[in-house]
There are 2 protein chains.
Amino acid sequence: MRKKKNEEEIVGKIERTFGSSKVKRLPLTFGDDAALWRPSAGEETVLTCDWFLEGTHFLRGKHPADAVGWKCLARALSDIAAMAGTPRCFLLSLALPESLTGKWLDEFLRGLRRASEALGCELAGGDTTRRDEVLISITVVGEVRVGRAIVRSGARAGDLLFVSGTLGEADLGLRQVRRMRGVARITNAALRKHLYPRPRLELGQWLGEKRLATAMMDVSDGLSMDLARLCAASEVGARIDGDALPLTPLAKSGEARALALHGGDEYELLFAVSRDNVRRLPRRFRGLRLTRIGEITRERKILVTTDGGTAPLVAGGWDPFRD
Amino acid sequence: MRKKKNEEEIVGKIERTFGSSKVKRLPLTFGDDAALWRPSAGEETVLTCDWFLEGTHFLRGKHPADAVGWKCLARALSDIAAMAGTPRCFLLSLALPESLTGKWLDEFLRGLRRASEALGCELAGGDTTRRDEVLISITVVGEVRVGRAIVRSGARAGDLLFVSGTLGEADLGLRQVRRMRGVARITNAALRKHLYPRPRLELGQWLGEKRLATAMMDVSDGLSMDLARLCAASEVGARIDGDALPLTPLAKSGEARALALHGGDEYELLFAVSRDNVRRLPRRFRGLRLTRIGEITRERKILVTTDGGTAPLVAGGWDPFRD
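Analysis parameters
- Residues numbered from 1 in each chain as written.
- Chains lettered and ligands numbered in written order.
- Predicted model: local features only at pLDDT ≥ 70, side-chain atom pairs only at ≥ 80, totals over all residues.
- Heavy atoms only, no water.
- Helix = DSSP H or I, 4+ residues; strand = E, 2+ residues; numbered from the N terminus.
- Rg over C-alpha atoms; globule rule 2.2 N^0.38 Å.
- Buried < 20%, exposed > 50% of the residue type's maximum accessible area, 1.4 Å probe, protein only.
- Contact = heavy atoms within 4.5 Å.
- pLDDT = per-residue confidence, 0-100.
- Least-squares fit on C-alpha atoms with pLDDT ≥ 70 in both.
- Phe/Tyr/Trp six-rings, centres within 6.5 Å; stacked < 30°, edge-to-face > 60°.
- Axes fitted to C-alpha atoms, helices over the stretch in contact; angles between N-to-C directions.
- Left-handed = near helix turned anticlockwise from the far one by under 90°.
- Nonpolar A, V, L, I, M, F, W, Y, C, P; charged D, E, K, R; others polar.
- Buried area = accessible area lost by both parts, 1.4 Å probe.
- Salt bridge = Lys/Arg side-chain N within 4 Å of Asp/Glu carboxyl O.
- Polar contact = N/O pair within 3.5 Å; in protein donor to acceptor, adjacent residues only side chain to side chain.

Considerations on the overall build of chain A
Part 1: Along the backbone of chain A there are eight helices and 13 strands.
Part 2: For 323 residues, the compact-globule estimate of 2.2 N^0.38 gives 20 Å, and chain A sits close to it at 20 Å.
Part 3: Considered along the principal axes of its C-alpha atoms, chain A spans approximately 70 × 50 × 35 Å.
Part 4: When burial is assessed residue by residue, chain A has 62% of its 323 residues classed as buried.

So, in structure tokens, the structure goes:
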């Protein structure tokens, strides 16, 4: 009979996958009561945590374990990007059934480690337990120079609204995954973005350093829902140019626009720039498209203008507490 | 029909319960992409996260929501105590069914807020989602002066072993809860300790400031299992005096000793002190008993000595990955 893995063995597997920390700022190994981290002088700590739950955020039979590992960290890092922060380390809370402590756990940890290396965020510690379903909660610790964080509440009437990359591709990828038989694999850009999103860390940091954005957040629940949050925090409204949205070429134009307005899981940055600063913003930042999609208004409504006229933009994004 | 709570309303309820932060070191409200935290000069950050899951760590029909709120934070803070750290702020990852977003959530948040105030750890941020069962993951950020953290790996042969408080009462309390009909309430010290544990923060900080302990951890999975971890990290063994254990007076002596050796969920501190420093250790620290329970040995075995002789101490604590 196969020997059951106990908690210490799971931790051992995690430790072997990630290796001991080489940086002096994380002086302890994974096994102590808590992790120690040395903050930098003149920096604020950016803290965020993010659920990634089987059945809610991923489907075990459809999503490769490697992609689950990559994405659970990548999406948490998107919140650090949205504050103009630089990620430093993360904690992994992992619950899983004993039957997944072999190959599935190996592949999950491989994807997580690849994200950790590619996105520059080291494993500092965590907690593991047994559970019938896979539950993941990731906490990220980042840093940002004091006073340089970009929050949601700074947008002012007249500011112009921008978004990075394209919108709607990750949601399109999810639809394709749902239609596939068996475990998904990457066959186009939509599937790549859905399975292996890349948080816009460099763009966020650059906007913070240059003090270019008055307000910023990441598009995680869909533009229509997230823009409403940014506007509520800033006590403003917005007018979106429906013809200016950076649509995916992988869908027909009508579907592509709906995906761009309401698709979640995008992890692009949505940010406002004052009119004075717009000329300092390039059309592309290190290859990543930056698209002007509308403007901030005094009137606290969110409108979208298309050929057909102007209409209120009703939030249609994803909200786990809504049916 | 009752209106369904959406995620924003849950966050609003959390924010109303905790109020906006009054401290300048937590400059943001709960609703932004991430929380900002200002670390202190000369301090290391202590990071820990802790699962608290329905069915695994608490029973919804048996444990009052108020106690769930208190305990999920208190036990996470115990890891900060075990590093000689001072808690600063925490993140709450909460998943729950829509049916619990009313009274249950109110009571949960009340217990959590009482723990937050009593134990000096402010809510900084978090993530919420919907789920059929209650899932909680708490991340705590603490601080400790550089070089003053007490880790598990510093125990040396000849050091004496101490434990705070009594051992076994929390486990006894759990057994009583299991036997009760309906929701548990406090009728004795064992139930109080099981439902509303108090992490030994002041003791941990004092031991760190005075540099009194060579190694320390908290007793969360039972002395037999946790001592084995401390000894493994320090590459030593230990000999426990079975007659010296601080037993609960609420159980018969045989049962009380087994509870003291193997009972989990205690959140007392287990620490080693060099023989030179033992005279500096009081018998009580601010009313909390400190009991010498044995010593660290060169030989890497863990033995327990009683009237009946000396025998290996087999780990019998709680491990979620063991059947």
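Structure shown, so let's carry the discussion forward.
Overview of unusual backbone geometry
Part 1: For Arg286(A), which is not glycine, the phi torsion reads 45 degrees and is therefore positive.
Part 2: As for its placement among the helices and strands, Arg286(A) is situated in the loop between strand S10 (284-285) and strand S11 (288-297).
Part 3: At Ala84(B), a position not held by glycine, the phi torsion is positive, near 70 degrees.

Considerations on helix H4 (residues 169-179) of chain A
Part 1: Within H4(A), the full set of buried residues consists of Glu169(A), Ala170(A), Asp171(A), Leu172(A), Gly173(A), Gln176(A) and Val177(A).
Part 2: Elements that come into contact with the buried residues of H4(A) comprise helix H5 (189-195) and helix H8 (253-262) of chain A.

A few points about the confidence of the model for chain A
Part 1: Summarising the model, chain A shows a mean pLDDT of 92, and 93% of its residues fall at 70 or more.
Part 2: We note a pTM of 0.94 for the whole complex and an ipTM of 0.93 for its interfaces.

Digging into the relation of the copies chain B and chain A
Superposing the two chain copies requires a rotation about an axis and a translation along that axis.
Part 1: Least-squares fitting of chain B to chain A yields an RMSD of 0.0 Å, with the transformation described by 0.0 Å of translation along the axis and a rotation of 180 degrees. Both copies are brought into coincidence by an operation consistent with a two-fold rotation axis.
Part 2: A symmetric contact is evident, with 99% of the interface residues of chain B recurring at the interface of chain A.

What about the packing of aromatic side chains?
Residue and element names in this part refer to chain A.
Part 1: Scanning the model with the defined rule gives 13 aromatic pairs over all chains in all.
Part 2: Relative to Tyr-196, the ring of Trp-70 lies with its centre 6.0 Å away and its plane at 70 degrees, an arrangement referred to as edge-to-face. You can see Trp-70 sitting in helix H2 (residues 65-81) and its partner Tyr-196 sitting in the loop between H5 and helix H6 (201-209), a full 126 residues away along the chain.
Part 3: Here Phe-162 and Phe-271 contribute two aromatic rings whose centre-to-centre distance is 5.8 Å and whose plane-to-plane angle is 15 degrees, an arrangement assigned as stacked.

With respect to the packing of H2(A) against helix H3 (residues 103-119) of chain A
When two helices pack together, their arrangement is given by the angle between the helix axes and the distance between those axes.
All names here are of chain A.
Part 1: At a minimum axis separation of 6 Å, H2 and H3 run at an interaxial angle of 35 degrees. Pair H2 / H3 crosses with right-handed handedness. The residues of H3 that touch H2, namely those facing Ala-65, Asp-66, Val-68, Gly-69, Trp-70, Cys-72, Leu-73, Ala-74 and Leu-77, are Trp-104, Glu-107, Phe-108, Arg-110, Gly-111, Leu-112, Arg-114, Ala-115, Ser-116, Ala-118 and Leu-119.
Part 2: Taken together, the residues that form the contact of H2 with H3 break down as 13 nonpolar, three polar and four charged.

Quick word on the interface of chain B and chain A
Part 1: Between chain B and chain A, the contact holds 67 residues from the first and 66 residues from the second.
Part 2: For the pairing of chain B and chain A, the buried interface totals around 5700 Å² over both sides, and the portion due to carbon and sulfur atoms is 54%.
Part 3: Along the contact surface separating chain B from chain A lie eight salt bridges.
Part 4: Its salt-bridge partner being Glu133(B), residue Arg131(A) comes within 3.2 Å of it at the nearest N-O pair.
Part 5: At the junction of chain B and chain A, the tally comes to 25 residue pairs in polar contact (both at pLDDT 80 or more).
Part 6: Looking at the side of chain B that touches chain A, the elements with two or more residues in it are helix H1 (7-18), strand S1 (35-37), strand S2 (43-53), strand S3 (86-96), strand S4 (122-130), strand S5 (135-145) and strand S7 (213-219) of chain B.
Part 7: Ranked by residue count, the leading element in the side of chain B that touches chain A is S2(B), at 10 residues.
Part 8: Here the residues of the side of chain B that touches chain A sort into 31 nonpolar, 14 polar and 22 charged.

A closer look at the pattern of salt bridges
Part 1: Scanning the entire structure with this criterion turns up 48 salt bridges over all chains.
Part 2: Linking Asp32(A) and Arg152(B) is a salt bridge whose minimum nitrogen-to-oxygen distance equals 3.9 Å. Taken as a pair, Asp32(A) in the loop between helix H1 (7-18) and strand S1 (35-37) and Arg152(B) in the loop between S5 and strand S6 (160-164) lie in two separate chains rather than in one.
Part 3: Its relative accessible area of 14% is what places Asp32(A) among the buried residues.

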